[in-house]
Every structure is written in C-alpha cells, then in structure tokens.
Amino acid sequence: MPSKKIYFASDIHLGNRYLDNPLDAEKKIVQWLDSIKKDAAAIYFLGDVFDYWYEYKYVVPRGHVRFLGKLAELSDIGIEIHFFTGNHDIWMFDYFPEEFGAIIHREPITVELLGKNFFLGHGDEIGYRPLKYRIIQSVFRNRLCQILYATIHPRWTFGFAHRWSLSSRKSGLAAEKVKLAQTRNTIALESFAKTYLETHPDINFFMFGHLHILLNREISPDSRLIIIGDWMQFFSYAEWDGSILELRIFSE
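Residues numbered from 1 in each chain as written. Predicted model: local features only at pLDDT ≥ 70, side-chain atom pairs only at ≥ 80, totals over all residues. Heavy atoms only, no water.

Draft legend 1. Up close: the nonpolar core. Residues Trp32, Ile43, Phe45, Phe67 and Phe83 are the most contacted members of the largest nonpolar core, which totals 30 residues. For this core, the secondary-structure elements that each account for two or more residues are strand S1 (5-9), helix H1 (22-36), strand S2 (40-45), helix H2 (65-76), strand S3 (80-84) and helix H3 (95-100). Looking at this core, the element that brings in the most residues is H1, giving 5 residues. Ile109, Leu113, Leu120 and Ala238 belong to the second-largest nonpolar core, a separate cluster that totals 17 residues. (Core = buried A, V, L, I, M, F, W, Y, C linked by side-chain atoms within 4.5 Å. Buried < 20%, exposed > 50% of the residue type's maximum accessible area, 1.4 Å probe, protein only. Helix = DSSP H or I, 4+ residues; strand = E, 2+ residues; numbered from the N terminus.)

This is the structure in structure tokens:
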C-alpha cells in the first residue's frame, strides 16, 4: 500500500465567467482528484475554490456537480476534506460539513502534518490589504450583513455577484497592475512569516494561495514560504509526503 500524502490546492474559481470553457476546468480538477485518491490522507483547499458561493438556508449555487460528487466519494473512502474560505467564497456555512463531512476554516491555522508544522491560510487575511479591500471584507464577514443579504432573492444576488466578479477580474488584468499587487502581497506574506517565526520557530512551511503565483522560497534554515498557484493558468498543487514538499503541475 502506498504511503499516504497530503495535498493542497487553491484558487480554482469554479463557476467563473472569464474562462472560455469553465466546464473543462471543472473536469480537470475532478481528474486530478481521481489521480490522487489512491494515496491521499487529506486534501486542503486554501480558498477561492468557487468564484462565488453563498448558501441560503435551502438554496446553494447550481452547478459544480462533478466536483461535489467527487468530494463526496473521496470523503466516503476516508480522505479528509478541508476548505479555507477565500475572498470569493466567504459564505460557506453548514452545507459541506453536513453533506460530506468537510472541515471549514475561516481563519489561518497551524497544524502538524506528517511530522512537520504548517501555517495554512488563503493569504488575503494577512497580506497587503488596501483600506477599500479591508472595508469590503469586514462587511462581507459581518453576520448581520449576511442575514440581510440572504433576504434578497437568489436570482438577483447571484447575477450581481457574477457580474461584479467578472468586472473585477477584467479591471485587474493589466499586467503591470497584477505584478505590482503580487509583489506587494508576497513581500507582506514573507514579512509576516519572518515575524511569526520569532515567536513560533517550529513552523516549517507557511503556505498560501490567493496570489495566483508559484513560489517556494526559503525564509530560514528550517522554514519555507509556499504559494501554490491556481487552476486557471497553472493547474498547480502542492504534495507533501512527510519528507519532500513539491509544487506540481497537473497534466491530464
């Protein structure tokens, strides 16, 4: 029997409107999940799995059936499924835990995995955050605002959210603007990690998504900063076997 491994993925953005064929992207992530199920002990999704997700009491977003069905299958054979809420899918509540036992993380966590200590998060919680972004995030996370938002019919909220996401993505596609934001966030995450190590020197890996880049950088003799890319341009993931942590690109 092969040794068990831990897998990490981020920024899949299922249901987005800016890929030519979003269904192909969903099928590709399902193929990846099929390819790792034989040796996976746990899978950590580090945020923005969905381009938009909001759970009403009796309504969840349509679509994603291949992906959700695969997660249920993996959970049924004993693989742990972890979701970190990202800036696109903050509004995960009890649907995933009740349907297939997923564990939801709303803040970064530290956890020991196969003998090493990981600091895991989406990356937007502690990176470079302009004032406008912080205000929007505080509104999105406010429970009263969530309750009020839920009183609006899904026909309007889903349409509004998808248009906003598409507009935001298009306005942020300028290469110089993207590169500047990624550089600022990388510097902020590295600074955070180095400061955190001063009081928590046992952390071996700081791992994030959010920035849509691939990075594996040493920040101390015993610690590395990992940013695991996305499933929009890289189709990347991280694999940890207890000895080596690798950033990999999935090929069908």
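Don't stop here, the text continues.
Draft legend 2. Molecular detail of the sheet that holds strand S10 (residues 236-240). The mixed open sheet is built from 6 strands, whose spatial order is S4-S3-S2-S1-S10-S11. Every other strand in the sheet has two partners, leaving strand S4 (103-105) and strand S11 (245-249) as the edge strands with one partner each. Across this sheet, the average inter-strand angle for adjacent strands is 20°, counted without regard to direction. Summarising the sheet, S1 and S10 pair through 3 bridges and their orientation is antiparallel. Across the sheet, the residue bridging to Ile6 is Trp240, located in S10. Sheet strands touched by H1: S1, S2 and S10. Its angle to S2, the strand with the most contacts, is close to 150°. Taken strand by strand, H2 contacts S2 and S3, and its axis lies near 135° from that of S3. (Pairing = 2+ DSSP bridges. Axes fitted to C-alpha atoms, helices over the stretch in contact; angles between N-to-C directions. Contact = heavy atoms within 4.5 Å.)

Geometric descriptors of this kind do not, in isolation, establish any biological role.
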